[in-house]
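# Secondary and tertiary structure notes
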Amino acid sequence: MERFVIQGGARLEGEIPASGSKNAALPALAACLLTGEAVVLRRVPRVRDIRTMEKLLAYIGAELVLEPNGPLHVRAAVIQDPTAPYELVKTMRASSLVLGSLLARTGRARVSMPGGCAIGARPINLHVHALEQLGATLTQEGGYIEARAPNGLRGTRINFDRITVTGTEDVLMAAVLAEGETVLENAAREPEVGDLAALLVKMGAKIEGAGTSVMRVQGVSRLGGAEHTIIPDRIEAGTFLLAGAITGGDLVVANCELDHLGALIGKLREAGAEVEPAGAAALRVRAPRPLQAVDLITEEHPGFPTDLQAQYLALMTQAQGIAFITETIFENRFMHALELIRMGANIRIEGRQAIVAGPAALSGTTVMASDLRASASLVLAGLVARGETVIDRVYHIDRGYESIESKLALAGAKIRRLEE
Ligand code: EPZ
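As the structure is a computational prediction, the values presented were derived from the model and not from experiment.

With that settled, consider the domain arrangement of the protein chain. Assigned domains of the protein chain: these are domain 1 (2-19 + 233-419) and domain 2 (22-229). On a C-alpha basis, the centroid separation for the pair domain 1 and domain 2 is 30 Å. Across the contact, 26 residues belong to domain 1 and 21 residues belong to domain 2. Across the interface of domain 1 and domain 2, roughly 2000 Å² is buried in total on both sides, 50% from carbon and sulfur atoms. Looking only at domain 1, the three residues that lose the most surface to domain 2 are E300, H301 and R399, adding up to 30% of its buried area. Viewed at the interface, domain 2 and domain 1 are joined by two salt bridges. Across the pair R234 and E192 runs a salt bridge, and its minimum N-O distance is 2.7 Å. Scanning the region where domain 1 abuts domain 2 turns up nine residue pairs in polar contact (both at pLDDT 80 or more). Among the secondary structure elements, those contributing two or more residues to the side of domain 1 that touches domain 2 are α12 (372-384) and α13 (395-398). Of the residues that constitute the side of domain 1 that touches domain 2, the class distribution is seven nonpolar, eight polar and 11 charged.

Rendered as structure tokens:
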């Protein structure tokens, strides 16, 4: 397995470009199954999870052509096998995003139950319940969800018990071809949901209220092809802003939507960093040392994203004072804290809360990545630790970051990838 080797101490300076959003591109790929016509997607990030989703679409019967450094062409002219097999789902739970689109296109779907993962049980009961309300029958057999809607789907009013991002996306893709009106209440407001809705509307769907907690969908009989540019990855961009802050650097992150990062920008400013627009779609962060400790509670968008909690926690190990960090979305999302403690961080975990006292001098050692965003947190810690930090199992980070070591090196980080 590959590993990163990081020499700590470099201030990040210069400019790093963010890629297209992994969590917008994944539902966009699933949406290609809703039509037999060609869909062209621009700015699809070349990360492991996207390659997994591309394999899944090919397995189902879609043809995919990636132009070198260009757009991705997808055409699901024929659905050969409306199945998401265990071999693919076990490596990426977001494969369940094809449930709604396959049901809407073919009236059936067979999706392997996504297991849990490092950050929690992550059931999909809310997806299943909502699809049943649209008229589908879903049963579990042999570790698979068997979904049927022989008479098609019928629109209805759906209220999610709790906000679910891919649950909202899954059901939205089913509703666009359902008969009549569907109202989604307590819908996720993440920008990635809005981007999916924008693509679906280009394909001919009728959707109002995307980006708000109530979405109204008028079902149509078919969808056509479209061209769409994926929004920038706000979590990758946020990770780089936090890397600039933790190294006391002066860093521009290009290709990011400012209004997707409001919660992070607010926290960085509260901690004493300067964060200012640097052109139409770029942000500049400058950070004195030390920053001040600032408490954090993760919440659904537009609150502070859970996907930046681990990276923010790494920053707080270097801040002056005590920060109380509360994780409200997932039940086990402090795996990174245990590794940071091994590097010398002063952190106490109490249930859903991490109490971080800083600044604590971090020293390089060998640490292990456990999940995508925990890995990013360890990279940030390695950038400021004294000496050399080795991070094992970097395939976790490659799931959601496109060559993160090359991008960080652009700004002066001393980081390299080693084949084990
Ligand atoms: C999406 O996951 C993201 N993944 C996650 O990003 C992100 O952490 C999460 O949203 C929260 O923002 C993609 O978009 C591909 P949820 P998702 O359904 O949709 C519970 C990353 O790092 N829940 O919003 O799976 C669930 O257990 C990944 O890129 C149910 O109980 O998250 C969690 O506690 C990690 N039943 C909460 O809701 C359900 O049916 C929110 O989960 C669905 C969810």
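What follows picks up the thread again.
Residues of helix α11 (residues 335-342) that are buried include every one of H336, A337, E339 and L340, and no others. Around the axis of α11, the buried residues are gathered within 165° of arc, so they sit on the same side.

What follows covers the nonpolar core. Generally speaking, nonpolar side chains in soluble globular proteins are found buried as a group. Core analysis: the biggest nonpolar cluster contains 77 residues, and L34, M53, V98, L172, V176 and L200 have the highest contact counts within it. Ranked by residue count, the leading element in this core is helix α1 (residues 22-31), at seven residues. Ignoring sequence-local partners within four residues, the contact set of L172 consists of L184, L196, A197, L200, I207, M215 and V217. In terms of nonpolar packing, the next biggest core, distinct from the first, is built from 68 residues, A287, A314, L362 and I391 among them.

Turning to the sheet that holds strand β18 (residues 296-297), a few remarks are in order. Backbone-to-backbone hydrogen bonds pair the strands of a sheet. The strands run either parallel or antiparallel. Ordered in space as β18-β19-β21-β20, the four strands form an open sheet in which the pairing is mixed. Of all the strands in the sheet, the pair left with one neighbour each is β18 and β20 (346-350). Note: β18 against strand β19 (residues 321-326), two bridges, orientation parallel. Across the sheet, residue I297 finds its bridge partner in β19, namely T326.

Every one of the 22 residues lining the ligand counts as a neighbour, but N125, T164, T166, D307 and I329 are closest to it. R122 is positioned with one of its side-chain polar atoms (N or O) 3.0 Å from an oxygen atom of the ligand. One nitrogen or oxygen atom from the side chain of D307 is found 2.6 Å from an oxygen atom belonging to the ligand. Compared with its free state, where it exposes 820 Å², the ligand has 90% of that area covered by protein. Counting only elements with at least two residues in the shell around the ligand, the list comes to α1, α5 (125-133), α6 (165-175) and α12. Its residues assigned to classes, the shell around the ligand shows 10 nonpolar, six polar and six charged. Built from parts of two domains, the shell around the ligand gets at least three residues from each of domain 1 (2-19 + 233-419) and domain 2 (22-229).

Strands sit in the order β10-β11-β13-β12 across an open sheet of four strands; the sheet is mixed. Of all the strands in the sheet, just β10 (157-159) and β12 (206-208) have a single pairing partner and so form its edges. Neighbour-to-neighbour, the strand axes of this sheet turn through a mean angle of 15°, independent of strand direction. In this sheet, strand β11 (residues 181-185) lies alongside β10 in parallel orientation, the contact comprising three bridges. Directly across from N159, in β11, lies its bridge partner E185.

The next point concerns the packing of aromatic side chains. This structure, assessed with the given rule, holds one aromatic pair. Look at F304 and Y312: their rings are 5.6 Å apart centre to centre, the planes differ by 65°, and that puts the pair in the edge-to-face class. Its relative accessible area of 4% is what places F304 among the buried residues. Directly above the ring of Y144 sits R110, whose terminal nitrogen or CZ lies 4.0 Å from the centroid.

Applying the stated rule across the entire model yields 23 salt bridges. For E185, the salt bridge goes to R157, with nearest N and O atoms at 2.3 Å. Note that E185 is positioned in strand β11 and R157 in strand β10, a separation of 28 residues in sequence. With relative accessibility at 47%, the residue R157 sits in the partly exposed group. Note that E270 is salt-bridged to K267, the shortest N-O span being 3.7 Å. In this pair, E270 and K267 both sit in helix α9 (residues 262-270), three residues apart, roughly one turn of the helix. You can call E270 exposed: its relative accessible area is 51%. Because the salt bridges share partners, they merge into one network encompassing E2, D398, E405 and R417.

Calculation criteria
Residues numbered from 1 in each chain as written. Predicted model: local features only at pLDDT ≥ 70, side-chain atom pairs only at ≥ 80, totals over all residues. Heavy atoms only, no water. Domains from an automatic or database assignment. Contact = heavy atoms within 4.5 Å. Buried area = accessible area lost by both parts, 1.4 Å probe. Salt bridge = Lys/Arg side-chain N within 4 Å of Asp/Glu carboxyl O. Polar contact = N/O pair within 3.5 Å; in protein donor to acceptor, adjacent residues only side chain to side chain. Helix = DSSP H or I, 4+ residues; strand = E, 2+ residues; numbered from the N terminus. Nonpolar A, V, L, I, M, F, W, Y, C, P; charged D, E, K, R; others polar. Buried < 20%, exposed > 50% of the residue type's maximum accessible area, 1.4 Å probe, protein only. Arc of directions from axis to C-beta. Core = buried A, V, L, I, M, F, W, Y, C linked by side-chain atoms within 4.5 Å. Pairing = 2+ DSSP bridges. Near = heavy atom within 4 Å. Areas by Shrake-Rupley, 256 points an atom, 1.4 Å probe, with all protein chains shown as cover. Axes fitted to C-alpha atoms, helices over the stretch in contact; angles between N-to-C directions. Phe/Tyr/Trp six-rings, centres within 6.5 Å; stacked < 30°, edge-to-face > 60°. Lys NZ or Arg CZ within 6 Å of the ring centre and 35° of its normal.

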